[in-house]
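Secondary and tertiary structure notes
Listed below, chain by chain, are the residues.
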Amino acid sequence: MDFSETYRFSGPVPVCSPDGKYIAAATEYRLVVRDALTTQVVQIYSCIDKISGVQWCPNSTYILCGLVKRAIVQVWSVIEPDWTCKIDEGLAGAEAVHWSPDGLHILVTADFQIRITIWSLASKSFVYISGPKHATRGIKFSPDGKYMAVAEEAWILNHATWSPLAVLGHPQSITSPEDAVIYKEIADISTAASQVPTKAAKSHYIVCQLPVKVTQQKVPLDKPNVRLGVGRVCWSKDGKYLVSINENMATTVWIWDMQKLQLAAVLLQTSKVTDVSWDTQRSRLLICTGSSIIYLWSPDGASCVHVPLSGFEACSAVWGPEGRKLVLSDRDAYCCAYLEQSK
């Protein structure tokens, strides 16, 4: 795997365009668009305030910047640098912004979800939808739309009857199924005197035999808005696998075989998992833990990849649409990672 140099950003995580040609990153009120292959600057756009959200339209022609504090959305064209559009929601506020699938409309959700305004870039008209309701990030549909995963105890529901097909449990002691593969991260200690792995250390996986005990974190019940139970679920591109993260076991990644409705693999990390992201083309999962190592899992095995950039700690990742590059983000910097093409 090859890596680019790092580039600064602030606010939202940098994003790839759907066609894989560009990467957009915000720095305060500026939006910088780079060529995804060469990382050279293609365009720089200046917004009227700090950028809080960035989204590409589905055909990669336009890109929007959400300015939540001002309830304003600014839209830019990559192919026509002089073209611009500004949407002002005024006193209604702007809680969320989304593109329509056709890339010709922008949906703006007002504060307190009192309405959604659908703006047309073609006709410059708009319509209102009153009283919308949001689905949370804990509800994810499979790619074919047949199943829905609910992040409570990872319930799997049938889309036609909404009846539960399975409950994917997250036990503290894993005893089955027999063919589940349990990977445990082992930090490579560079010197005999050092006994505590650092964020810059290298690692490797070992395969553990069942039964395996999972580390459970203590929950600070005296703090507000404490996350408990399964907080994240995500389907693979082909719908064959589901990944889940239990907030009580924040260093553990659970991967489920959704054809057998059973556990396929578990990855026991040394640090808390900060992000998981599926390859856009195949059943390959990337894991970040806020360290200088990224982790890859596929049905063929798991591996640890050291990021050779000084001080860089990968907290999140976004796959390119072709599945051959990644945008890795630290807290205030990002880089591109290029994977070798499978033969």
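Everything here concerns the structure above.
Conventions adopted
- Residues numbered from 1 in each chain as written.
- Predicted model: local features only at pLDDT ≥ 70, side-chain atom pairs only at ≥ 80, totals over all residues.
- Heavy atoms only, no water.
- Helix = DSSP H or I, 4+ residues; strand = E, 2+ residues; numbered from the N terminus.
- Buried < 20%, exposed > 50% of the residue type's maximum accessible area, 1.4 Å probe, protein only.
- Areas by Shrake-Rupley, 256 points an atom, 1.4 Å probe, with all protein chains shown as cover.
- Contact = heavy atoms within 4.5 Å.
- Pairing = 2+ DSSP bridges.
- Axes fitted to C-alpha atoms, helices over the stretch in contact; angles between N-to-C directions.

What follows is about the overall build of the protein chain. For the protein chain, the count of helices and strands is zero helices and 33 strands. Scored against the burial criterion, the 343 residues of the protein chain give a buried share of 51%. Roughly 17600 Å² of accessible area belongs to the protein chain as shown, and the carbon and sulfur atoms make up 52% of that amount.

Within the secondary structure, Lys202 sits in strand 21 (residues 202–208). With 103 residues separating them along the chain, Lys202 and Val305 place their C-alpha atoms 8.2 Å apart. Excluding residues within four positions of it along the chain, Lys202 makes contact with Ile186, Ala187, Asp188, Ile293 and His306.

Now for the sheet that holds strand 29 (residues 293–298). Ordered by their spatial adjacency, four strands build an open sheet running 27-28-29-30, and the pairing between neighbours is antiparallel. In this open sheet, the two edge strands, each paired with only one partner strand, are strand 27 (275–278) and strand 30 (301–306). Each adjacent strand pair in this sheet contributes to an overall mean axis angle of 20°, direction not counted.

Before going further, it helps to examine the pairing of strand 25 (residues 252–257). Burial analysis of strand 25 places six of its six residues in the buried class, which makes it a mostly covered element. Burial along strand 25 is two-sided: Thr252, Trp254 and Trp256 facing one way and Val253, Ile255 and Asp257 facing the other are all buried. Taken together, the four bridges between strand 24 (residues 241–246) and strand 25 define a ladder with antiparallel strand orientation. Following the sheet pairing, Val243 is matched in strand 25 by Ile255. Linkage of strand 24 to strand 25, two consecutive antiparallel strands, is achieved through a turn of five residues. Relative to strand 26 (residues 262–268), strand 25 runs antiparallel, the two being bridged by six bridges. Directly across from Trp256, in strand 26, lies its bridge partner Leu263. The loop that links strand 25 with its antiparallel partner strand 26 comprises four residues; one of these, Leu261, has a positive phi angle of about 55°.

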